[in-house]
Amino acid sequence: MTINRARRTFLGTVAAGGVSLVTSQSGQAASQGASQGAVTRVPAPTGKPAVLGGTPVRTAAFPSWPVQDAREEQALVSVLKSGRWGRGGGSQVKAFESAYATATGARHCLATANGTSALLTVLAAMDIGAGDEVIVPPYTFVATVNAVLALNALPVFVDTDIETFQIDATKIAAAITPQTRLILPVHLGGSVADMDTILATAGPRNIAVIEDACQSHLAQWKGRHVGTVGRAGCFSFQASKNLNSGEGGAIITSDRALADRAFAFHNNGRGDAGTDFSYRHTGLNLRLTEFQAALLLAQMTRLEAQATRRETNAAYLTKGLLQIPGITPARMYPGVTRNAYHLYMFRYDAASFGGLTRAGFLKALKAEGVPASGGYSPLNKEPFLAATFAGTAYQRIYGAPAMKAWEERTRTPQNDRLCEQAVWLTQTMLLGPREDMDHVIEAVARIQRHAGEIARQSND
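The residue numbers shown here count from 1 along each chain, following its written sequence. Residue-level local features of this predicted model are given only where pLDDT is at least 70; pairs of side-chain atoms are given and counted only at 80 or more, and the full residue set underlies all totals for whole chains, interfaces and linings. Only hydrogens and water are removed before side-chain values are computed, so all heavy atoms of the structure are retained for them.

> Hey, could you go over the overall build of the chain for me, with residue numbers and the actual values?
Broken down by element type, the chain carries 15 helices and 15 strands. Think of it in three bands: with a 1.4 Å probe and only protein chains considered, a residue is buried below 20% of the maximum accessible area for its type, exposed above 50%, and partly exposed in between. Looking at the 460 residues of the chain, the share that counts as buried comes to 57%. Considering only residue pairs separated by 6 or more positions, the chain has 74% of its internal contacts joining residues 24 or more positions apart. In DSSP terms, a helix is any run of H or I states spanning at least four residues, a strand is any run of E spanning at least two, and both are numbered starting from the N terminus. Any two residues whose heavy atoms approach within 4.5 Å are treated as being in contact.

> Pulling in residues and values, what's your account of the sheet that holds strand S14 (residues 343-348)?
Spatial ordering of the open sheet is given by S12-S14-S15, a layout of three strands whose pairing is antiparallel. The outermost strands of the open sheet, each flanked by one partner alone, are strand S12 (327-329) and strand S15 (422-426). Taken pair by pair, the neighbouring strands of this sheet meet at an average axis angle of 30°, ignoring direction. The pairing of S14 with S15 spans five bridges and is classified as antiparallel. Residue Arg347 lies in a different strand from S15, and its bridge partner there is Ala422. Fitted lines through C-alpha atoms give the axes, limited to the stretch in contact for helices. The angle between two N-to-C directions lies from 0 to 180 degrees. The strands touched by helix H9 (residues 358-367) within the sheet are S12, S14 and S15, with S15 carrying the most contacts at an inclination of about 25°. Paired strands, as defined in this entry, are two strands with at least two bridges between them according to DSSP.

> Go over the confidence of the model for the chain with me, naming the residues and quoting the values.
For the chain, the average pLDDT comes to 90, and 88% of its residues sit at 70 or higher. Note: pLDDT gives the predictor's confidence per residue, expressed from 0 to 100. Segment residues 1-38: pLDDT under 50, and 83 contacts once partners within four positions in sequence are set aside and those in other chains are kept.

> Got a sec to walk through unusual backbone geometry? Specific residues and values, please.
Peptide bonds are, in most cases, trans, and in most cases residues other than glycine have a negative phi. The residue after Trp65, namely Pro66, is reached through a cis peptide bond having omega 5°. Backbone geometry at Asn206 places phi at a positive 60°, although glycine is not the residue there. Counting through the fold element by element, Asn206 comes out in the loop between helix H6 (195-202) and strand S7 (208-212). Among the residues examined, Asn206 registers a relative accessible area of 72% and is labelled exposed.

> For the side chain of Thr104, give the residues involved together with the corresponding values.
Mapping Thr104 onto the fold places it in helix H3 (residues 92-104). Here Tyr100 takes part through its backbone oxygen, which lies 2.9 Å from a polar atom of the side chain of Thr104. By the criterion applied in these results, polar contacts are pairs of N or O atoms within 3.5 Å in which, for protein atoms, one can donate a hydrogen and the other can accept it, and in which residues neighboring in sequence qualify only through two side-chain atoms.

> Let's hear about the sheet that holds strand S1 (residues 108-112): which residues, and what values?
One open sheet accounts for seven strands, arranged S1-S11-S10-S7-S6-S2-S3; its pairing is mixed. Of all strands in the sheet, those with a lone pairing partner are S1 and strand S3 (154-157), marking the two edges. Here the strands of the sheet are splayed against their neighbours by 25° on average, with no regard to which way each runs. Relative to strand S11 (residues 249-253), S1 runs antiparallel, the two being bridged by five bridges. Considered in S11, the bridge of Ala111 is made with Ala250. Where helix H5 (residues 143-150) meets the sheet, it contacts strand S2 (133-136), S3 and S7, and its direction lies at approximately 145° from that of S3.

> Break down the packing of aromatic side chains for me, with residues and values.
Here is the rule: rings of Phe, Tyr and Trp (six-membered ring for Trp) pair when centre to centre is within 6.5 Å. Planes less than 30 degrees apart are stacked, more than 60 are edge-to-face, and the remainder are tilted. Following the criterion strictly, the structure yields 18 aromatic pairs and no others. Measuring from centroid to centroid gives 6.5 Å for Phe346 and Phe361, while their planes differ by 80°, and the two rings are edge-to-face. Remark: Phe361 occurs in helix H9 and Phe346 occurs in strand S14; sequence separation between them is 15 residues. Accessibility classification places Phe346 together with Phe361 in one group, the buried group. Between Phe353 and Phe361, the ring centres sit 5.4 Å apart and the planes meet at 70°, which makes this aromatic pair edge-to-face. For the residue pair Phe353 and Phe361, the accessibility class agrees, reading buried in each case. Among the aromatic side chains, those forming a connected cluster through ring pairs are Phe157, Phe389, Tyr394, Tyr398 and Trp406. Throughout this description, the term charge over a ring refers to an Arg CZ or Lys NZ atom that lies within 6 Å of the ring centre and within 35 degrees of the ring normal. Over the ring of Phe62 we find Arg58, and its NZ or CZ is 3.8 Å from the ring centre.

> I'd like a description of the pairing of S3, backed by residues and values.
Burial of the side chains of S3 extends over both faces: Leu154 and Val156 are buried on one face and Pro155 and Phe157 on the other. Bridge count for S2 against S3 is four bridges, and the pairing is parallel. Counterpart to Ile135 in the pairing with S3 is Val156. Here the term right-handed applies to a crossover when the path leading from its first strand over the helix to its second strand runs clockwise, the strands being oriented away from the viewer. Handedness of the crossover joining S2 and S3 through H5 is recorded here as right-handed.

> How would you explain the side chain of Ser236 if you had to name every residue and give the values?
Mapped onto the fold, Ser236 is located in strand S10 (residues 232-236). A distance of 3.2 Å separates the side chain of Ser236 from the backbone nitrogen of Gln238, its partner in a polar contact. Excluding its chain neighbours within four sequence positions, the residues that come into contact with Ser236 are Gly115, Cys214, His217, Lys241, Leu243, Gly248 and Gly249.

> Tell me what's going on with the nonpolar core, and back it up with residues and numbers.
Grouping buried Ala, Val, Leu, Ile, Met, Phe, Trp, Tyr and Cys residues that are joined through side-chain atoms within 4.5 Å yields what is termed a nonpolar core. Ranked by size, the top nonpolar core spans 79 residues in total, and within it Phe353 and Phe361 carry the most contacts. Counting residues per element, this core draws most heavily on helix H8 (residues 290-321), which supplies nine residues. When sequence neighbours within four positions are dropped, the list of residues in contact with Phe361 reads Ile327, Phe346, Tyr348, Phe353, Leu356, Val423, Val444 and Ile447. If you look at the next biggest cluster of nonpolar residues, it comprises 38 residues, including Leu110, Leu119, Ala153 and Leu184.

As structure tokens, then:
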């Protein structure tokens, strides 16, 4: 069920002339959303911004999440009445694994308790552990790193490509040492990391590549679904995700031996049948329940239509935002043939908004009825990491000199800058009608026009 479509590449950045550059920006915008026809018209921002006492652009809520109806209710009741609630005696988990493998073009799928356990399981199945280094991005949810730390391996952060919000694949080679066992790129926000460069870096060095695709259901790189480009891929079905069962996860791979080892690990070290007390190796109980699998099968009936709606709205939104000075939507690499848009991300330049801080911009957006956030903080600077590395285990395994050197090795100045500029809209905001996108564009344009006044009020 691989879907091969030509997708846009986010091109160019907003020039200083801003809204007056509608004509010059139109070529770039059209290339990012050709399916939308005419270039998005930025509505003339009328009236005062709501934060200055004006009427908000919108008062209606954006679409809620999750979406559910009788399909989910029937799925849960069916499992309830069956009396088979765990995967050992049920059929729903296996049915979901088969369906998700088919949807992604993978030979094998293993459902897990959540995305974190998917990452932990596949790393354990590859025997990643003490003394090993794993290359990770600093712009990601903490689960990416927690899975590495849980096995006493050392996460090595490589800086972010500020234009795409993804790991800067051109900087990975310089971070590799003889201890590097794994590269763990994250397909952040639904887009895709530069997999060609990553694989070209990893291959000659015999380093494995595992894709953290927890935010990128149905995303594609050159027509291949994420998770099938590297040796394996991990997904999350946590409550906010585009495919949702409250909690849940999955590993996909075409490596049968890896799939078998992963199954055993997630099943307390027991083999595929799991009906005896024979153990292959150490493991944990990280199994998905029949209830969650039934929910996922029901949710999958909407997955493609929802993904298409997000793409359509994101393309339209990008064309409009490109016309506003100081707003730079995240660029996609040319190899990205489908973006899942778990997040719609852009960078905010305060200098183009009269010095209005990002916090002030977010507050003004919220007042217009457009909720947004500033996204992640620098993960490599989180205090818990310093505490972990100062602990007995890491000091014994790696030694004080190596841990001190780690600090210098993992400086990420571009990521620091991104964390000060990023703005996120959630995937649910892309599920409504085109009018919703017009409201977002109008709200940003209105704030931009009155930014100086808003900034002065904020400083009073």
